[in-house]
Amino acid sequence: MTETTVTSASRSAAPDHGLDIWRELAISQQPSWQDSTVHRSSLDELSTLPPLVFAGEVDVLRERLAAAAQGKAFLLQGGDCAETFEGATADRISARVKTILQMAVVLTYGASLPVIKMGRMAGQFAKPRSSNDETREGVTLPAYRGDMVNGYDFTPESRGHDASRMVRAYHTSASTLNLIRAFTQGGFADLRLVHHWNKGFTANPAHSRYESLAREIDRAVRFMEACGADFDALTRVEFFASHEALLLEYERALTRTDSRTGLPYDTSAHFLWIGERTRDIDGAHIDFLSRVRNPIGVKLGPGTSPDDALALIDKLDPNREPGRLTFITRMGAKNIREKLPNLVSKVTDSGAKVLWVTDPMHGNTVTSPNGYKTRNFDDVMDEVRGFFEVHNELGTFPGGLHVEMTGDDVAECLGGADPIDQEAFLDRYESVCDPRLNHMQSLEMAFLVAGALSRR
Ligand code: PEP
Ligand code: MN
């Protein structure tokens, strides 16, 4: 009897780090689960499953991001707008990882800096939506909110919010991460091999303008080889997983106390970001993520005031810890040169050291004449250029690129040197959410950004 009392007393005295305070705060973009029994059992199951990432890896990432915030590394973060369970195949995962590695080699050369490689992968299964419903031909159903919540098929069964999907999202993340770890640690990431793949890109006559940069990289690789560089060491790369932390009960269930530090880590991914729609300063998302040790990103749209940015810094990075906070700006090509300077200046003046990353996708979404959600490659690149211009003028560091991309030959964004036109959407538009750069467009972007980085 006494023993039981002691046990429960010591349990309740264990610090909870305020990890459940979010439950009392305003929260948006959460599902309305249909079945409360399934809901409860799914969360119970998630809270007992092993972590997907380790606290030590998360700490390493924070150090890497701190270097980027100081201008000593560059972040490349890319992947689907919305991963799907069906799309988690070996071919598609490897194509995406391969494309990110190919982009990273080009960027490493352009920046002469280490590139931190991070997927919007192994957990990007929940989406914020502007409308709760979708209407097709007079039929209205709940909007698709990502495979973690409901299905994409337009039927009442599929669109119902099913909490068991959170458990499936966990397992799909685990198998995706397992493959990523195998690829990036098992020889697949050999620099010479990745460089060889890039030769396929420049062999396309449409990309001949990138040949000279590719030749320079080739010479650099051969130079390293001649110098006796340890290519064995270069066969392994660090690769981090990230997603939008949208469904807080999923994130909460995967949050564990690290035995070394006694601090809470959200073990669903190394890096988590808060979207433009859920970054309400007094809301649940900011509160919950302020309490975990992971590095955190926040998306900042064109309506962000300097005061908003400063309030976010105070809440999410009160100790001004390098690598803790990344601002991912998504202003739109039309706004970036006007809106970004004031934001960056005021943050810099405050003494805070955040990492600035550009998301040139989300402020440049348009509808094609034939009715598809798309983005023009030129607008995307214009926002990237604007981001570099602003930071170069202010003397701050343009620290990274956040893109929606795939390794497959899809047709979702318009343009590029080997141009995609809207007719191609009819056969090759596969995204269940936002349009992604395809394999070639992603590599082209890397070559263009490498050029901009080398001119800094
Ligand atoms: C996203 O990254 O897919 C997204 C929804 O972005 P944002 O929060 O910037 O709108
Ligand atoms: Mn998106």
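Thresholds, definitions, all that
- Residues numbered from 1 in each chain as written.
- Chains lettered and ligands numbered in written order.
- Predicted model: local features only at pLDDT ≥ 70, side-chain atom pairs only at ≥ 80, totals over all residues.
- Heavy atoms only, no water.
- Salt bridge = Lys/Arg side-chain N within 4 Å of Asp/Glu carboxyl O.
- Helix = DSSP H or I, 4+ residues; strand = E, 2+ residues; numbered from the N terminus.
- Buried < 20%, exposed > 50% of the residue type's maximum accessible area, 1.4 Å probe, protein only.
- Near = heavy atom within 4 Å.
- Polar contact = N/O pair within 3.5 Å; in protein donor to acceptor, adjacent residues only side chain to side chain.
- Areas by Shrake-Rupley, 256 points an atom, 1.4 Å probe, with all protein chains shown as cover.
- Nonpolar A, V, L, I, M, F, W, Y, C, P; charged D, E, K, R; others polar.
- Pairing = 2+ DSSP bridges.
- Axes fitted to C-alpha atoms, helices over the stretch in contact; angles between N-to-C directions.
- Contact = heavy atoms within 4.5 Å.
- Core = buried A, V, L, I, M, F, W, Y, C linked by side-chain atoms within 4.5 Å.
- Donors = N, O, S within 2.8 Å, 3.2 Å for Na, K, Ca; no water.

Let us look at the pattern of salt bridges. Inspection of every chain in the model, using the stated rule, returns 31 salt bridges. In this structure, Lys373 and Asp434 form a salt bridge, with 2.6 Å as the shortest nitrogen-oxygen distance. Of this pair, Lys373 sits in strand 13 (residues 373-374) while Asp434 is found in the loop between helix 14 (425-428) and helix 15 (439-454), placing the two residues 61 residues apart along the sequence. What makes Asp434 buried here is its relative accessible area of 9%. The residue Arg375 makes a salt bridge to Glu404 at a minimum N-O spacing of 2.8 Å. Of the two residues, Arg375 sits in the loop between strand 13 and helix 13 (377-394) while Glu404 sits in strand 14 (residues 398-404), which places them 29 residues apart along the sequence. Overall, the relative accessible area of 0% leaves Arg375 in the buried class.

With a phi angle near 45°, Glu137 is a residue other than glycine that sits in the positive phi range. Of note, Arg320 is a non-glycine position whose phi angle comes to about 50°, a positive value. If you trace the backbone, Arg320 turns up in the loop between helix 11 (306-316) and strand 10 (325-329). Assessed through its relative accessible area of 32%, Arg320 is described here as partly exposed.

Let us look at the site of ligand 1. Taken together, Cys81, Arg120, Lys127, Pro128, Trp273, Gly275, Glu276, Arg277, Lys299, Arg330, His362 and Glu404 form the complete shell of residues around ligand 1. One of the backbone nitrogen or oxygen atoms of Glu276 is found 2.9 Å away from an oxygen atom of ligand 1. His362 is positioned such that a nitrogen or oxygen atom in its side chain is 3.0 Å from an oxygen atom of ligand 1. Against a free-state accessible area of 300 Å², the protein chains account for coverage of 97% of ligand 1. Tallied by class, residues from the shell around ligand 1 come to three nonpolar, two polar and seven charged.

Moving on to the sheet that holds strand 5 (residues 239-244). Hydrogen bonds between backbone atoms are what pair the strands of a sheet, whose relative direction is either parallel or antiparallel. Taken in spatial order, the eight strands of this closed barrel run 1-2-5-8-9-10-11-14, and their pairing is parallel. This sheet shows a mean twist of 30° between the axes of neighbouring strands, independent of strand direction. Of the pairings in the sheet, the one linking strand 5 to strand 8 (residues 271-274) comprises three bridges and is parallel in character. The partner of Ser242 across the bridge, within strand 8, is Phe271. In the packing of helix 11 onto the sheet, the strands contacted are strand 8, strand 9 (296-300) and strand 10, and the crossing angle to strand 10 comes to about 150°.

Of all hydrophobic cores here, the largest spans 83 residues; its most connected members are Phe74, Phe327, Trp356, Met445 and Val449. Take this core: its biggest share by element is 10 residues, from helix 4 (residues 90-111). With sequence-adjacent residues up to four places away left out, Met445 is seen in contact with Pro360, Phe377, Val380, Met381, Val384, Leu401, Val403 and Leu437. Within the second largest apolar cluster, 27 residues are counted, among which are Met148, Tyr170, Leu247 and Leu254.

Before going further, it helps to spend a moment on the coordination of the manganese ion (ligand 2). Protein ligation of the manganese ion (ligand 2) involves Cys81 (SG), His362 (NE2), Glu404 (OE) and Asp434 (OD), the donor distances falling in the range 2.1 to 2.5 Å. Within one chain, the residues donating to the manganese ion (ligand 2) are spaced in sequence as C-x280-H-x41-E-x29-D. On the criterion of sequence distance, the pair formed by Cys81 in the loop between strand 1 (74-79) and helix 4 and Asp434 in the loop between helix 14 and helix 15 is long-range, its members being 353 residues apart. Comparing Cys81 with Asp434, the two get one shared label, buried.

Everything listed here is a matter of geometry and, on its own, says nothing about what the molecule does.
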